[in-house]
Amino acid sequence: MRFLHTADWQIGMRAAHVGAAGGRVREERLAAARRAVGQARAAGAEFILVAGDTFEHNGVDRALVQKVGDILAGFGGPVFVIPGNHDPLAPGSVWEHPVWNVSPQLRVLRDPAQVSVGEVDIFPCPLTEEHSRRDPTAWISAAGSGRIRLGLAHGSLEGIALDDLDYPIARDAAERGGLDYLALGHWHSWARFHGPDGVPRTAYSGTHETTRFGERDSGYVLLVEIVAPGAAPVITPLGAGGLCWQELPRELRAPGDLGALRGSLEALASPDSTLVDVRLAGLLFAAEQGELARVRELIGARFLFGRLDESGLRPAPEDDQWFERLPDGVLRETAVRLRVLADPSYQGPRREGATPEVAAQALMDLYKLAGEVGA
Amino acid sequence: MILRSIEVSGWRCFADSVRVGPFGDGITVLFGPNGTGKSTLFDAMARALLDRHRVSGADADTLRPWGRNLAPTVAVEFMHEGVEYRLEKKFLDHPSALLRRREAGRFVRLDEDDAADERVRGFLKGEAPGKGLAQVRHWGLAQVLWSPQGALDLPELSGDLPNDIRAMLGAQVAGPAGSRIEQKIQELYRGYYTATGKVKSGKDAPEAVRLEQELEKARGTLQEVRVRLAQYEAMSRKLEDLRNARAQARRDADAISDTLANAARRVQQYAALRAERKEKAAQAKAADAQHSQIKQRIEDIRKSAADLAEAEKQRAEIAADLAAWERTVEEAGQQRLQSKARLENARAGQAATDAARREAELARRYVESAGLAREAGSRLESIRGAEAELEARRTERTALRAPDPATLAAVRQAVKDRDEAQVGLDAALTWLEIVPARDCELRVVAGETPGPQVVRAGSAGRFTGSPEVVVEVEGFGRIRAGGPSASAEEYRAVRDEAASRLARLAAPFGTQDMVRLEALRDEAQRLDGLIAEAATRLETMLAGRSRQALEQQLAAHQTVVAGVEQERPLWAQAPPDVAALDQHAEAVRVSVGDVVARAELELAAAERAHAAAQSQCAGLGGRLQEIDRHVASSRERWQSLAADGKSDEQRQAERNQRELDWGAARAALAQIDEKLEAFPEDPSEEHARLQRQREAANQAAQEALAEEARMEGQLADRAAEGPYSAAAAAEENEAALAAQHARERLRMDAIGLLRETYWQAKEQAIAGIVAPVEAAATRIIERIAGRRLGPIRLTSGFVPDEVRPQVAGAGVSLKQASGGEREQIFLAARLALAEVIARRERQLVVLDDTLTATDAGRLARVMRVLEEAAQKLQILILTCHPERYRALEGAHFINLEEAVAS
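Residues numbered from 1 in each chain as written. Chains lettered and ligands numbered in written order. Predicted model: local features only at pLDDT ≥ 70, side-chain atom pairs only at ≥ 80, totals over all residues.

Visitor: Explain the sheet that holds strand E6 (residues 96-103) of chain B to me, please; I cannot follow it from the model alone.
Guide: Sheets are built from strands paired through backbone hydrogen bonds, the pairs being either parallel or antiparallel. Residue and element names in this part refer to chain B. A sheet is described by the order of its strands in space; here six strands give the open sequence E2-E1-E4-E5-E6-E7, paired in antiparallel fashion. Both edges of this open sheet fall to strand E2 (18-20) and strand E7 (106-112), since each of them pairs with a single strand only. Put simply, the sheet's adjacent strands are angled 20 degrees from each other on average, direction ignored. When E6 meets E7, the two strands line up antiparallel, connected through six bridges. Looking at the pairing, Arg-102 lines up with Phe-107 of E7. Against the sheet, helix H3 (residues 113-123) engages strand E4 (73-80), strand E5 (83-90), E6 and E7, with an angle of about 60 degrees to E6. (Pairing = 2+ DSSP bridges. Helix = DSSP H or I, 4+ residues; strand = E, 2+ residues; numbered from the N terminus. Axes fitted to C-alpha atoms, helices over the stretch in contact; angles between N-to-C directions. Contact = placed C-beta atoms within 7 Å.)

This is the structure in structure tokens:
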């Protein structure tokens, strides 16, 4: 018996951190959902389990609800969905949309009550509010039935993360409930957890499409195969995500570092679906100004989204060549003063707004002007 | 550069060729009446040196002579950096320019046309003008050195001149490259900020401002959609609450219905019990009444019999008491009579007490009267002595004739008047004194003592008279002596009147001697004192009473004494002892008084006992009558109660039966009450309350249902809006704009900071450069106008900005200076700057029709300043008032009118 385990589609998710690319990021989450359903079909999955947070919020656009319902119904087989803490079963929720009543195959499990499909019993744990300290799986009885028993829940597995105690789920919930597999949602990275017998009966599928920079092991769905009651589940992660979230922190230490960075950026495949976050720190040499401009242009124009943080850059203290080229007198004095203000460790007086970042930019501007007039 | 000569033709008023020069190195005053072409000549020189030879346009056409179509031409010979040049330019028609340099004593071609323009303009560091004529701002160094007609004010120095001046002062502020960077900074800055340093607004607003506005708008939108999202979430919670509330209301209504059914059953039970209790209570009440009735009758008969017995018993006791008290009354009466007899006997001893008292009183009166009589007799004796002494003094005083103080004062005044009149008389008289050598006879013809007189030899014969003294001396003749004109007769009359008055006043006293008179007066005063003393003593003795009264008092005392001595003759020999008699009388009084007091007390006690016994008898008599009446009424009541014909035993049996009946009724009632106590309150009230609660619960459930339906509709509408998606889109838009704005803002702030930092550095650098020029200008103005105006302050562009008079304490704008002082300040600044420019070589300074507002005194000082300046500068003064500059030493004067004529 095979089924697809997925969760945390977070459809309608806001993506303010990527600015204007937010719309595209949302679109990609729907596209990834289509890919996940297609993979279930292709892998011969008998049904799909969606372990909560299908939607980012109950207040998402109803057109998105319709689209998600259509995508899931398009599987053609049974699909079991539980509300998560982002889309709990509450008045006015997405689960009141008529799309959930169109196909008998598409079932929103609204009560913690066993349902059966074929040779499998499913124990769903729907959520009705955003936050709670109760274990949603606590109701599952260990009474054996001789059938494959699957748990479908949304929450935080205890003992893994200390800072997320919403809907805590006992680490031994699968064993305690006599489950062959406990399909979990809530965490965005896919992970499986072994029981005392060394068998992985608990797993998070993670989100099917990465939601932000730095989110590891995301963009997957899990294909699970259980040959018989009590047999060890075979868990196979399948890539579903379409976006590449690339973080590129760089500490510039020597001339040429920026060139290397530019090379890395140019080597990134599929820039149209890639989001890059470049954070520069360290020393900016005068001769590197042009390279920095090219990097800036590359990041701004080539990728789906690009962010360049130059606030960590400082003019190289030993790089006084262009200072020397400045006419002696006012201009050089101006450069010296700006360099002092650009130093974050400077404790002297500053006029309002003369932050190190502004002073560094002013110094760069002066450098640029000096270059233009050939000083 | 200095000027050597200038030659023009076809130039405004100079249609024909005119050459002026040569000019010396020092001061040249070029003068002539208005309209002779002084300023035209200056204009031609400036255009030759600074304008393009190919200048065109309407303005350039004005260079032609009026009404003539001549091509303006000008030739200027000058020296620059020790080299002599000749520049020839022709404008408008076939324009040309030719620069020649003196080499080996002759001018050799150096540059032509544009090259010539460019080279000469470079000498003055001028800027190439545009299409038209060059303006002052294109003049380079000449902006400072040359003052066009009447325009001594310095304009804002343009081009690189300020930097050139700074360079000449040895300071590098920016340099050419620096100026270009500064210009670019300024251009960038002006893209963001206004001239006053504010961020531009309106159509010229920088991108950051536009983005800020968009960002503000986006934030407003975001706030709105967030509110709608919050409303959606609140509606969802509200709907959940409503559903919970409705379910609870339904559960409440169901629970109340069950309770209500139970309550209805309890109401029925309660009503039945209440009815039964009412019946049993009536039965118990009737049994109680019958029992109480028989019980009361038995008790009344018992009480009535007891009351009668008690009354009869009391009557017997009172009758016995009354008999005893009647005997007590009789005995007390006898006791009272006996006490009364004893009191009368005691009171009989009172006469002895009175006799002893009278004897003592008589003795006291006798002794007192005898004493008073003696005292009065002694006092009268003294009074008589005093009266005799007073009379004697008065007689003595009467006999003494002495003046009183007023008379004595009048006498003293008469003596004074007389003596003063005598002195006046003596002074008014003429006197003649003759001392003959031998005895001689003479006759007073006129004088006080007329007639013959004999004056012995050697003695002085003195003769007085008034108004003259005439003495006839035998054998000698008459001697007449005259004197003062005062009237001796008036003095004599006064003297005589005073003497008469004195005689009259002193006559009673027998003397006119003042000493004697005053002695008499002193004696009189002494006697008056003695009289007063005696009178006082007498009055003291009388103590306000008359001697007759005292004599009558004495007689009264003596009468008393005589009367008592008649009764008690022995007291005349031996006066009685009053104290002993008083003591005896007191002893008798005390003895008799004790007996009487005891008898009186005894009588009073007997009378009280008698009265008390009588009162008791009267009270007991009354009570006996009263108890008799009570006995009669009690007997009557007892007879009435016992008239039912039953015995006490029969009545008690009846009572016992009634008591049993009443007990049974009460037991039945208690059983019902016990059942009723299971109901804490009337269950019908609870039933009614439950009914109301059920109705309220039903109502709440209905209302919750209606509200739920309404809220579901609202929530569905709000959910259909996709409020979260709207918020997400708005947040993303806001974040994108915020990032964009931050970038633009950073750029704008950076340019602002760059410009501000540059300007601060520049200001500080310039402040140190301008100072020496300010000091030089200040020295010049102090020489012209004194220290009144204080230091001159220049802008960073070397233009005079203000003066700082010491009295003002702060800077004063030049607009506030007078016209004369203003032109003197600008002259000082121009000369100070010219000295800087002329450090490397002598420079031409032109003053065209300037200093017109300067008074003669200050103009003289200006002359000295110009003379000194001429050591480094070539100064060309154009004026129509050459006489104002005649005092200039070494100045070369050129009459333009004559030059034109020649």
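Visitor: I tried to follow the packing of helix H7 (residues 207-348) of chain B against helix H14 (residues 578-641) of chain B on my own but got confused; where do I start?
Guide: Residue and element names in this part refer to chain B. H14 packs onto H7 with a crossing angle of 160 degrees between their chain directions and a minimal axis gap of 6 Å. Considered as vectors, H7 and H14 are oriented roughly antiparallel to each other. For H7 against H14, the interelement crossing comes out left-handed. (Parallel < 35°, antiparallel > 145°, perpendicular 65-115°, else oblique. Left-handed = near helix turned anticlockwise from the far one by under 90°.)

Visitor: Please explain unusual backbone geometry as it appears in this structure.
Guide: With glycine set apart, most residues show a phi of negative sign, and most peptide bonds adopt trans. In the segment running from Gly-21 of chain B into Pro-22 of chain B, the intervening peptide bond is cis, with an omega of -5 degrees. With respect to the helices, strands and loops of the structure, Pro-22 of chain B is situated in the loop between E2 and strand E3 (27-31). Positive phi outside glycine occurs at Asp-217 of chain A, with the angle close to 50 degrees. As for its position among the elements, Asp-217 of chain A is in the loop between strand E12 (200-204) and strand E13 (220-225). Unlike most non-glycine residues, Ser-270 of chain A shows phi in positive territory, near 45 degrees.

Visitor: What should I look at first to understand the interface of chain B and chain A in this one?
Guide: The figure often quoted for interface size is the accessible area lost as the parts come together. With 42 residues of chain B at the interface, the matching set in chain A holds 42 residues. Elements represented by at least two residues in the side of chain B that touches chain A include exactly helix H6 (175-192), H7, helix H16 (683-720) and helix H17 (723-785) of chain B. Ranked by the residues each element gives to the side of chain B that touches chain A, the list is headed by H17 of chain B, at 21 residues.

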